[in-house]
Amino acid sequence: MILLKDVYKEYGKKKEKKVHALKGINLSIDKGEIFGVVGFSGAGKSTLIRCVNLLERPTSGKVFINGIDLLDLAPKDLRKSRKKIGMIFQQYNLLSSKTIFHNVAMPLILEGKPKEEIKEKVEELLDFVGLGDKTNQYPEQLSGGQKQRVGIARALATDPDILLCDEATSALDPNTTEAVLEVLKRVRDEFKVTILMITHEMNVIKDICDRVAVMENGEIVEQGSVVDVFTEP
Ligand code: ADP
Ligand code: ADP
């Protein structure tokens, strides 16, 4: 489903300013898996996740999604492939001047979908994340956890196969985190979406991930099942 082969990423052109953010990442994530990447700040987690949807282009290496080499695609085909990859963010990235309905509808509006189809889809998704009664409210009227659930609904609007989560619960308190993680589990169970999440929160990994990779200094230093990685020998 997601396969990274020998992915390197360097920032900066001048030799003395070069940052080696990823140094030969190999990763294979199965369909329907919830995979976690942990590591301290600066380890390269965001760079890794951004290389999966090509928000960043790797300096070298290959990124396969469903067997397709993304780096090989023409721009038009790449746009199509990227629609199959949703993303949620620590700070939600909602449009504050738009209603909850409009925020979730946005990816479909941009695709030019018919109004009726948009309405049906958005209402279904907002029901799924438990916010069916908030359609006409604005982001500032919602709690952090509710905003993140809007973020999840928006990410699901284009029926992605993959959901990338960038510190998706790091701004939330423990109870709210729990509620958001429950929604993510249902996203996997009901839509068979593969979830790749980066976080510095160990409890989140332990709660929902099937497998985990530990990153340090641009490299994966350990990976395996959550039990294997977090149980002391
Ligand atoms: P993490 O998400 O684990 O905190 P990042 O992927 O953000 O790690 O960063 C990895 C390294 O790459 C860090 O040294 C960081 O300073 C550097 N870095 C990240 N983004 C950029 C950028 N756009 N330009 C230059 N250096 C960057
Ligand atoms: P704006 O933010 O531009 O004031 P809205 O976000 O309220 O607009 O609405 C954007 C589009 O979504 C409009 O076409 C509107 O008809 C439709 N829409 C908004 N809320 C709902 C809703 N609860 N049910 C169905 N359609 C809605």
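- For the protein, an unreviewed UniProt entry supplies the name ATP-binding cassette domain-containing protein and the organism Virgibacillus tibetensis.

### Focus on the packing of aromatic side chains
Stage number 1. All chains considered together, the criterion is met by one aromatic pair.
Stage number 2. Taken together, a centroid distance of 4.8 Å and an interplanar angle of 55 degrees make the contact between Phe 128 and Phe 191 tilted. On the criterion of sequence distance, the pair formed by Phe 128 in helix H4 (residues 115-128) and Phe 191 in helix H6 (residues 174-191) is long-range, its members being 63 residues apart.
Stage number 3. Note on Phe 128: relative accessible area 10%, which makes it buried.
Stage number 4. Relative accessible area serves as the criterion here: at 37%, Phe 191 is assigned to the partly exposed category.
Stage number 5. Sitting over the ring of Phe 128, Arg 186 keeps its end group 4.3 Å from the ring centre.

### Considering the pairing of strand S1 (residues 2-11)
Stage number 1. Pairing of S1 with strand S2 (residues 19-29), which is carried by eight bridges, proceeds in the antiparallel orientation. When the bridges of S2 are listed, Tyr 8 appears paired with Lys 23.
Stage number 2. Where S1 and strand S4 (residues 60-65) come together, five bridges link them in antiparallel fashion. The residue of S4 that forms the bridge with Lys 5 is Lys 62.

### Side note on the sheet that holds strand S6 (residues 85-89)
Stage number 1. As summarised here, the arrangement of the six strands in space is S6-S7-S8-S3-S9-S10, forming an open sheet in which the pairing is mixed. Pairing within the sheet leaves two strands with one partner each, and these edge strands are S6 and strand S10 (219-225). Each strand axis lies, on average, 15 degrees off the axis of its neighbour in the sheet, ignoring direction.
Stage number 2. Relative to strand S9 (residues 211-216), strand S3 (residues 34-38) runs parallel, the two sharing four bridges. Within S9, the residue paired with Val 37 across the bridge is Ala 213.

Calculation notes
- Per chain, residues are indexed from 1 in the order of the written sequence.
- Just so you know, chain letters begin at A and ligand numbers begin at 1, following the order they were written in.
- For this predicted model, a pLDDT threshold of at least 70 governs which residues receive local features, and a threshold of 80 or more governs which side-chain atom pairs are given and counted, while totals over whole chains, interfaces and linings are taken from all residues.
- Excluded from the side-chain calculation are hydrogens and water; included are all heavy atoms of the structure.
- Centre distance within 6.5 Å is the pairing criterion for rings of Phe, Tyr and Trp, where only the six-membered ring of Trp is used; planes under 30 degrees apart are then read as stacked, over 60 as edge-to-face, and the remainder as tilted.
- Numbering goes from the N terminus for both helices and strands, where a helix is a DSSP run of H or I of at least four residues and a strand is a run of E of at least two.
- Exposed residues in this analysis have more than 50% of their type's maximum accessible area, buried residues have under 20%, and partly exposed residues fall in between, with area computed by a 1.4 Å probe over protein chains only.
- Either the NZ atom of lysine or the CZ atom of arginine qualifies as a charge over a ring when it sits within 6 Å of the ring centre and within 35 degrees of the ring normal.
- For two strands to be treated as a pair, DSSP must find no fewer than two bridges joining them.
- In this analysis an axis means a line fitted to C-alpha atoms, helices contributing only their contacting stretch, and an angle means the value between N-to-C directions, from 0 to 180 degrees.

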